[in-house]
Amino acid sequence: MNATRLAERIASLGLPGSATEPIEVDASTGDALIAELTTNRVLGLFVSGLEAGSVTCDDGVADRAVAAHDEVMSQSMRIEIMAIRASTILSDAGIDHRLLKGAGLAHTVARTPAERSFRDVDLLVSAADISKAVQVLIGAGAQRLQPELRLGYDQRFGKSVTMRLDDVEIDLHRTLCPGPFGVWMWPNDLFLLKDSVTLGNIGIPTLNRTDHLVHACYHAALGQVVPVLSNLRDIALLAGVGGADTYDAERFDETVARWKGRAVVRRAVGLVQSRLDVDLTTSLISYLHEPVNSSELAAIDPYLTEDPSGRFAALAPSTLRALPMVDRAAYALAVGLPDGTSPRDRVSALVKRRR
Amino acid sequence: MSEQGTALPPSDQTRYQRVAHVERQVARGRRFVQSLDADTPTQLSGSAPMIWDLLADHGSVDEIVAMLQQQFSDSPDVIAGGVRVAIQSFLDAAIAEEVT
């Protein structure tokens, strides 16, 4: 069994439907597997599997896995502290927000936080607040990594603003994804309900479980051509495996329909089924069989660009088509002629980007 | 990981508390604890994770010793010695502080 398939089996550990016999890792595969698990942010499952006896390997591989996991956990804890800090900064400025993905899910959905690592802080703010949130974080010492394309772009069209504070990346999201599906969603829906996760004795606002599941599906389906396994496991854990939903299936379906996201969920569920050994709930499985609008299906294609640097350019035409007519000129101007670039420079930059 | 210092051992009635922190239970019975002001985690091993957990609800050496006596047959002096060492290491790593 190669490292990729082994990683998928390990990412399925503890999920109903996964194999119960111990997973044997031979010495020749060990280092490749540790690298694969680290990239997929599920190394903690391997380490907990070692302790539970559901994974076996020689002592050398085990020692290297434990050392690698120690390093990953140190990084995750540092990022978690930054999540607390950034959330506190926003709260002190009166900016409502939601902690997304890793740091929130590690403490609420994963069996233990040590099984779910993460690489950055993701916070959702409303479009109305994003400029203020950027300024507040800059005031606290953060740097914005890319300038705003044109005044107002972040608030009207941007998916997120990436910032860095003390070498930790903070993604300040306006929506959950770029491109047409970002246009079709209604991010303010995500502020209607709120859960909380306690980090460092501080309650941090996070998405409601059903909204977390919506986000997990969007992230898995549209974030990368091959999503990391932790994202797929998140979907299985959030949905509730083995027949009983642990989310509000009716609200989930309504949101997905309103956001024109059936094709997104179909792709996400298909990825979970093809890569993890898990029995998903029938509510989610139904997305594999229900009809999906052809324009929604076609809208997924530009997200699956192999070259990540070409993604922005690939999504621009479909984003333009998805926008209301009234917004198209402003979007085209921002993307085609950002502030601070002459037309000649911008054309040159676009040509380079497409190569 | 933070290094342990050499300050005087804590007294048995003084009250201590854990500072705001994040933590992870990692492999081989170890715990990583990091205060919100620190750059790196402190590694707790052996009996230290258990004493760390007890410190959440029991603030003095005497109280923690009383709790551990219910679980272990060692003499109170032996247990107290271990608890003092552990709490001192928490203080040195700035993951716990004296309640004033």
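Computed from a predicted model, the values in this text were never measured in an experiment. (Residues numbered from 1 in each chain as written. Chains lettered and ligands numbered in written order. Predicted model: local features only at pLDDT ≥ 70, side-chain atom pairs only at ≥ 80, totals over all residues. Heavy atoms only, no water.)

Caption draft 1: Layout of the overall build of chain A. Each helix and strand counted, chain A has 17 helices and 9 strands in total. On C-alpha atoms alone, chain A measures out to a radius of gyration of 21 Å, which is about the 20 Å that the 2.2 N^0.38 rule sets for 355 residues. With the C-alpha coordinates of chain A rotated into their principal frame, the extents come out at 60 × 50 × 40 Å. Across the 355 residues of chain A, 52% fall into the buried class. Look at the contacts in chain A between residues 6 or more apart in sequence, and 70% of them connect residues 24 or more apart. A distance of 9 Å separates the average location of the 37 positive side-chain charges in chain A from that of its 44 negative side-chain charges. (Helix = DSSP H or I, 4+ residues; strand = E, 2+ residues; numbered from the N terminus. Rg over C-alpha atoms; globule rule 2.2 N^0.38 Å. Buried < 20%, exposed > 50% of the residue type's maximum accessible area, 1.4 Å probe, protein only. Contact = heavy atoms within 4.5 Å. Lys, Arg positive; Asp, Glu negative; His and termini not counted. Charge placed at Lys NZ, Arg CZ, Asp CG, Glu CD.)

Caption draft 2: Structural view of the packing of helix H9 (residues 209-222) of chain A against helix H11 (residues 249-258) of chain A. Residues and elements named next belong to chain A. Running from amino to carboxyl end, H9 crosses H11 at an angle of 45°, the nearest separation of the two axes being 9 Å. One way to sum up the angle between H9 and H11 is to call them oblique. The chirality of how H9 crosses H11 is right-handed. Across the interface between the two elements, Thr210, Asp211, Leu213, Val214 and Cys217 from H9 touch Arg251, Phe252 and Thr255 from H11. (Axes fitted to C-alpha atoms, helices over the stretch in contact; angles between N-to-C directions. Parallel < 35°, antiparallel > 145°, perpendicular 65-115°, else oblique. Left-handed = near helix turned anticlockwise from the far one by under 90°.)

Caption draft 3: Structural view of the packing of helix H1 (residues 48-55) of chain B against helix H2 (residues 61-69) of chain B. All names here are of chain B. The geometry of H1 relative to H2 is characterised by a closest axis approach of 10 Å and an angle of 120° between their N-to-C directions. By the angle class used here, H1 and H2 are oblique. When you trace H1 past H2, the crossing you get is right-handed. Contacts between H1 and H2 involve Met50, Ile51, Leu54 and Leu55 from the former and Ile64, Met67 and Leu68 from the latter. Here the residues of the contact of H1 with H2 are counted per class, giving 7 nonpolar, no polar and no charged. (Nonpolar A, V, L, I, M, F, W, Y, C, P; charged D, E, K, R; others polar.)

Caption draft 4: Inspection of the interface of chain A and chain B at higher detail. In this assembly, 22 residues from chain A lie in contact with 18 residues from chain B. Summed over both sides, the interface of chain A with chain B buries roughly 1,500 Å², with 59% coming from carbon and sulfur. The largest per-residue losses of area from chain A upon contact with chain B belong to Asp70, Met77 and Ile81 of chain A, which jointly make up 36% of the total buried on that side. Counting every contact that joins chain A to chain B gives 3 salt bridges. Between Asp63 of chain A and Arg28 of chain B there is a salt bridge, with the nearest N and O atoms lying 2.9 Å from each other. Inspection of the region where chain A meets chain B yields 4 residue pairs in polar contact (both at pLDDT 80 or more). (Buried area = accessible area lost by both parts, 1.4 Å probe. Salt bridge = Lys/Arg side-chain N within 4 Å of Asp/Glu carboxyl O. Polar contact = N/O pair within 3.5 Å; in protein donor to acceptor, adjacent residues only side chain to side chain.)

Caption draft 5: Fine view of the environment of Val85 of chain B. Residue and element names in this part refer to chain B. Mapping Val85 onto the fold places it in helix H3 (residues 76-92). On the basis of relative accessibility, which here comes to 54%, the residue Val85 falls in the exposed class. Spatially, the C-alpha atom of Val85 lies 18 Å from that of Phe32, the residues being 53 residues apart in sequence.

Caption draft 6: Representation of the pattern of salt bridges. All names here are of chain A. For the structure shown, the criterion picks out 21 salt bridges over all chains. Glu8 is the partner of Arg275 in a salt bridge, and the nearest nitrogen-oxygen pair spans 2.8 Å. Pair noted here: Arg275 is in helix H12 (residues 262-275) and Glu8 is in helix H1 (residues 3-11), with a separation of 267 residues, a long-range link. Classification of Arg275 by relative accessible area gives buried; the value is 10%. With relative accessibility at 10%, the residue Glu8 sits in the buried group. A salt bridge links Asp96 to Arg98; the nearest nitrogen and oxygen atoms lie 2.9 Å apart. Residue classification places Asp96 among the partly exposed positions, given a relative accessible area of 37%. Overlapping salt bridges, with partners in common, bring together Arg5, Glu8, Arg275 and Asp277 in one network.

Caption draft 7: Representation of the packing of aromatic side chains. All names here are of chain A. Under the defined criterion, the tally for this structure stands at 9 aromatic pairs over all chains. Ring geometry for Phe181 and Tyr303: centres 5.7 Å apart, planes at 40°, overall tilted. Residue Phe181 is found in helix H8 (residues 179-184), and its partner Tyr303 is found in the loop between helix H14 (294-299) and helix H15 (311-322); the two are separated by 122 residues along the sequence. In this structure, Phe181 and Tyr303 share a single accessibility class: buried. Ring plane angle 90° and centroid distance 5.9 Å describe the contact between Phe252 and Tyr287, whose orientation is recorded as edge-to-face. One end of the pair, Phe252, is in helix H11; the other, Tyr287, is in the loop between helix H13 (282-285) and H14, and 35 residues separate them in sequence. Judged by its relative accessible area of 0%, Phe252 is buried. Relative accessible area serves as the criterion here: at 5%, Tyr287 is assigned to the buried category. Among the aromatic side chains, those forming a connected cluster through ring pairs are Tyr153, Phe157 and Tyr331. (Phe/Tyr/Trp six-rings, centres within 6.5 Å; stacked < 30°, edge-to-face > 60°.)

In short, shape yes, function no, at least from these values alone.
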